[in-house]
Amino acid sequence: MKLFSQLLLLGLLILLPVKFIQAETPKDPIYIKTSDGWNGAYAHGNEYAEFRVIGNGAKLQDPYHILLQKNVGMMVSFVDQKELQNDRDVLSAHAQWEVNYWHQHASRVESNIREDLIGTGKDVKVIEIRVYNDQGAKMSSYLIGLAAKDGVFVLSVSPAKKEVDPLVKELVGSFKLVPRNLDAEEAKRLSSEAKAQP
């Protein structure tokens, strides 16, 4: 009987932390496989960004990096409002923050807003940025920013070129803010939704 009580207590001590851990918001983006790609979700505080990566050729490198197709990659990130000088227009502040960062690390920086890729969403902004080094080599990317309560969720797609525009439009169309905690129950709901998709 004493052994049974000890095992029961040990089981409770093991299960309680596991249950607590499962209820926490994940620190990294999570992905759910669908029939035609991946659904992604990235939490910050009591909200999360949701996006779809369409195409069975997409390969997850780690939670923050995805190879969307041959020679086209994407990085998922969040920029806290504190980094943006607490500006009310977080999307414009984020765009300027990115340009300022690259001015410190490159010889020349060019950027422009790509309204043709945004659609009707007012909470999303797409910036095309081109960065050059001293030898003239160029790196380009699209920065897709989604306004959040405490900052900006960002999908960075590189390289920025005309052939990638349709892919960026798909990402922008799926990129939305969900005002709920991304806990175990919400992740389960997202998984069920993904399985129900044709």
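Residues numbered from 1 in each chain as written. Predicted model: local features only at pLDDT ≥ 70, side-chain atom pairs only at ≥ 80, totals over all residues. Heavy atoms only, no water.

**Overview of the environment of Asp134**
Reasoning step 1: Mapped onto the fold, Asp134 is located in the loop between β8 (124-132) and β9 (138-148).
Reasoning step 2: Given the relative accessible area of 69%, Asp134 is considered exposed.
Reasoning step 3: One polar contact links Asp134 to Ser107, side chain to side chain, over a distance of 2.2 Å. (Helix = DSSP H or I, 4+ residues; strand = E, 2+ residues; numbered from the N terminus. Buried < 20%, exposed > 50% of the residue type's maximum accessible area, 1.4 Å probe, protein only. Polar contact = N/O pair within 3.5 Å; in protein donor to acceptor, adjacent residues only side chain to side chain.)

**So, helix α2 (residues 90-105)**
Reasoning step 1: In this model, α2 (16 residues) spans 23 Å end to end at C-alpha, consistent with the 22 Å of a helix rising 1.5 Å per residue.
Reasoning step 2: Within the sequence span of α2, burial applies to Val90, Leu91, Ala93, His94, Ala95, Glu98 and Val99.
Reasoning step 3: Elements that come into contact with the buried residues of α2 comprise β6 (72-80), β7 (108-113), β8, β9 and β10 (151-158). (Expected span 1.5 Å × (residues − 1). Contact = heavy atoms within 4.5 Å.)

**Thoughts on the pattern of salt bridges**
Reasoning step 1: According to the stated counting rule, one finds 11 salt bridges in the structure shown.
Reasoning step 2: Asp36 serves as the salt-bridge partner of Arg52, at 2.9 Å between the closest nitrogen and oxygen. Taken together, the residues Arg52 in strand β3 (residues 47-54) and Asp36 in the loop between β1 (30-34) and β2 (37-44) connect sequence positions 16 residues apart.
Reasoning step 3: Residues participating in the shared-partner salt-bridge network are Arg108, Glu110, Arg114, Asp116, Glu128, Arg130 and Asp165. (Salt bridge = Lys/Arg side-chain N within 4 Å of Asp/Glu carboxyl O.)

**A closer look at the packing of aromatic side chains**
Reasoning step 1: For the structure shown, the criterion picks out 6 aromatic pairs.
Reasoning step 2: For the pair Phe51 and Phe175, a centre-to-centre distance of 6.2 Å together with 80° between the ring planes defines the contact as edge-to-face. In this pair, Phe51 is assigned in strand β3 and Phe175 in the loop between α3 (165-174) and β11 (176-178), connecting sequence segments 124 residues apart.
Reasoning step 3: Classification of Phe175 by relative accessible area gives buried; the value is 5%. (Phe/Tyr/Trp six-rings, centres within 6.5 Å; stacked < 30°, edge-to-face > 60°.)

**Here's the deal with the sheet that holds β6**
Reasoning step 1: The strand order β4-β5-β6-β10-β9-β8-β7 describes an open sheet built from 7 strands, whose pairing is antiparallel. Each having just a single partner strand, β4 (59-62) and β7 make up the two edges of the open sheet. Direction aside, neighbouring strands of the sheet carry axes that sit 25° apart on average.
Reasoning step 2: Strand direction decides the pairing type here: strand β5 (residues 65-69) and β6, joined by 4 bridges, are antiparallel. Paired with Leu67 across the strands is Gly73, a residue of β6.
Reasoning step 3: Sheet strands touched by α3: β5, β6, β8, β9 and β10. Its angle to β9, the strand with the most contacts, is close to 15°. (Pairing = 2+ DSSP bridges. Axes fitted to C-alpha atoms, helices over the stretch in contact; angles between N-to-C directions.)

**Side note on the sheet that holds β3**
Reasoning step 1: Across the sheet, which stays open at both edges, the 4 strands sit in the order β1-β2-β3-β11 with antiparallel pairing between neighbours. The open sheet terminates on both sides in strands that have one partner only, identified here as β1 and β11. In this sheet, neighbouring strand axes are inclined to one another by 25° on average, regardless of whether the strands run parallel or antiparallel.
Reasoning step 2: Along the sheet, α3 contacts β3 and β11; its crossing angle with β3, the most-contacted strand, is approximately 145°.

**Topic: the nonpolar core**
Reasoning step 1: The biggest cluster of nonpolar side chains holds 31 residues, and the ones touching the most others in it are Val53, Leu68, Met74, Ile144, Val157 and Val168.
Reasoning step 2: At the level of elements, β2, β3, β5, β6, β8, β9, β10 and α3 are the ones that each hand at least two residues to this core.
Reasoning step 3: Sequence-distant contacts of Met74, defined by excluding residues within four places in its chain, comprise Phe51, Val53, Tyr64, His65, Ile66, Leu68, Leu155, Ser156, Val157 and Leu171. (Core = buried A, V, L, I, M, F, W, Y, C linked by side-chain atoms within 4.5 Å.)

**Things to note about unusual backbone geometry**
Reasoning step 1: With an omega of 5°, the peptide bond between Ser158 and Pro159 qualifies as cis.
Reasoning step 2: Note that Pro159 resides in the loop between β10 and α3.
Reasoning step 3: Unusually for a residue other than glycine, Asn71 sits at a positive phi of about 65°.
Reasoning step 4: Considering the arrangement of structural elements, one finds Asn71 in the loop between β5 and β6.
Reasoning step 5: Residue classification places Asn71 among the exposed positions, given a relative accessible area of 58%.

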